[in-house]
Amino acid sequence: MIESMETVGRTEETAENAAAPLLHPPRLHPLSRRRLVPLIGAAAATAALGACARPVRWRAGVDVTGTFPRLAFTLTRARDGKVVTAADYLGRVVLLYFGYTFCPDVCPTTLANLGQILQRLGPLASQVRVLFVTVDPVRDTLPVLNDYSAHFAPQVEGMRPTPDQLASLARRYRAAYSVSPGDKDHPYTVTHSSAVYVFDKQENARFLLTSTSSGAPDLDGAAADLRRLLS
């Protein structure tokens with residue numbers, strides 16, 4: 001179910017055959033649009049884009065320094081309903097992750113692993129924020145997102161986009177997602193990229209974490225990479 005970065009890091013879950021979500025029972029609602037944006041390329045392709053620059057060597061991350069755009073977004077934050085932008089997070093290390101609360105396995109695994117990485121940072125974790133952007137905003141209301149995000153770590157903040165905001169943000173970072181409403185013949189289906197995008201305190205994209213959705217992620221290596229950005 002979990003594909004590697006070489007196969008674009010996309011995951012797929014359906015209401016028909018998925019296990020129960022971590023916190024909330026399934027509630028099927030119609031979704032007005034379906035979008036699919038260009039996929040994240042393989043790590044080798046990313047490296048090729050930056051062939052003119054010396055790549056940064058990270059322990060767990062895949063370097064994207066100079067090849068991905070700076071952090072930029074407009075989203076509604078679940079915990080307080082405030083519309084926020086990247087400027088609200090200037091001076092913090094930001095981890096950007098696309099998912100949804102009804103995800104049966106990949107999203108809770110990723111967020112739980114990120115929580116463990118944050119624990120390894122100790123007091124430095126206060127300078128990090130994990131922005132969990134739902135790709136299923138119809139079902140993921142602000143209260144649902146807030147309850148779900150708070151389960152993993154204080155630094156995890158649920159973000160709810162409009163359909164246009166989601167499409168723009170996913171396109172900017174070459175992420176993939178699609179939502180197909182269910183009917184009597186087809187289950188509600190959601191797919192999304194599984195990589196975590198990491199930005200430094202100046203909002204520059206620095207590396208991707210691609211193993212946090214797996215059962216054997218390099219948590220110590222990821223924590224060491226984040227410490228470099230926090231130093």
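Below is a summary of the structure that appears in this document. Keep in mind that what you see is a predicted model, and the values were worked out from it rather than measured. (Residues numbered from 1 in each chain as written. Predicted model: local features only at pLDDT ≥ 70, side-chain atom pairs only at ≥ 80, totals over all residues. Heavy atoms only, no water.)

Some words on the overall build of the protein
If you tally the helices and strands in the protein, you get five helices and eleven strands. Contacts spanning at least 24 positions in sequence make up 77% of the contacts within the protein whose residues lie at least 6 apart. Entry remark: accessible area of the protein is about 10,300 Å², with carbon and sulfur atoms responsible for 52%. (Helix = DSSP H or I, 4+ residues; strand = E, 2+ residues; numbered from the N terminus. Contact = heavy atoms within 4.5 Å. Areas by Shrake-Rupley, 256 points an atom, 1.4 Å probe, with all protein chains shown as cover.)

Structural notes on the environment of R160
Within the secondary structure, R160 is located in strand β7 (residues 156-160). Under the relative-accessibility criterion, R160 is labelled partly exposed at 28%. Sequence separation of R160 and F132 is 28 residues, and the distance between their C-alpha atoms is 8.6 Å. Excluding its chain neighbours within four sequence positions, the residues that come into contact with R160 are L75, T76, T134, P137, V138, D140, T141, L142, L145 and Q165. (Buried < 20%, exposed > 50% of the residue type's maximum accessible area, 1.4 Å probe, protein only.)

Some remarks on the nonpolar core
Ranked by internal contacts, the top residues of the largest apolar core, which has 64 residues, are F73, L95, L96, F98, L111, Y197 and L209. With seven residues, helix α2 (residues 106-121) is the single largest residue contributor to this core. Residues in contact with L96, not counting those within four places in the same chain, are L131, V133, L169, Y173, A195, V196, Y197 and F199. (Core = buried A, V, L, I, M, F, W, Y, C linked by side-chain atoms within 4.5 Å.)

Some remarks on helix α4 (residues 163-172)
Those residues of α4 lying buried are L166, A167, L169 and A170. Against the buried residues of α4 lie β3 (74-77), β5 (93-99), β6 (128-134) and β8 (177-180). Backbone geometry just downstream of α4 places R174 in the positive-phi region, at approximately 60°.

Looking at the packing of aromatic side chains
Each aromatic ring pair is specified by the distance between its two centres and by the angle formed by the two planes. Inspection of every chain in the model, using the stated rule, returns nine aromatic pairs. With centroids separated by 5.5 Å and ring planes inclined at 75°, the aromatic side chains of Y173 and F199 adopt a geometry described as edge-to-face. Residue Y173 is found in the loop between α4 and β8, and its partner F199 is found in strand β10 (residues 196-199); the two are separated by 26 residues along the sequence. What makes F199 buried here is its relative accessible area of 1%. Three or more aromatic residues joined by ring pairs form one cluster here, namely F68, F98, Y173, Y197 and F199. Residue placement shows R174 over the ring face of F68; its charged tip is 4.4 Å from the ring centre. Of note, R228 hangs over the ring of W58, and the distance from its end group to the ring centre comes to 4.3 Å. (Phe/Tyr/Trp six-rings, centres within 6.5 Å; stacked < 30°, edge-to-face > 60°. Lys NZ or Arg CZ within 6 Å of the ring centre and 35° of its normal.)

As for unusual backbone geometry
Trans peptide bonds make up most of the peptide bonds, and negative phi angles are found at most residues other than glycine. Phi is positive for R174, which is not a glycine, with a value near 60°. With respect to the helices and strands, the residue R174 is situated in the loop between α4 and β8. Classification of R174 by relative accessible area gives partly exposed; the value is 27%. We note that E203 has phi near 75°; this positive angle belongs to a residue other than glycine. Tracing the chain through its elements places E203 in the loop between β10 and β11 (205-209).

Here we look at the sheet that holds β7
Strand order in the open sheet made by the eight strands is β2-β11-β10-β5-β6-β7-β3-β4, with mixed pairing throughout. Sheet topology places β2 (62-63) and β4 (83-85) at the edges, where each strand pairs with a single neighbour. Bridge count for β6 against β7 is four bridges, and the pairing is parallel. In the strand pairing of β7, V133 is matched with M159. Of the strands in this sheet, β3, β6 and β7 touch helix α3 (residues 142-150), which is tilted by about 160° from β7. Sitting on the sheet, α4 is in contact with β3, β5, β6 and β7, with an inclination near 115° to β5. (Pairing = 2+ DSSP bridges. Axes fitted to C-alpha atoms, helices over the stretch in contact; angles between N-to-C directions.)

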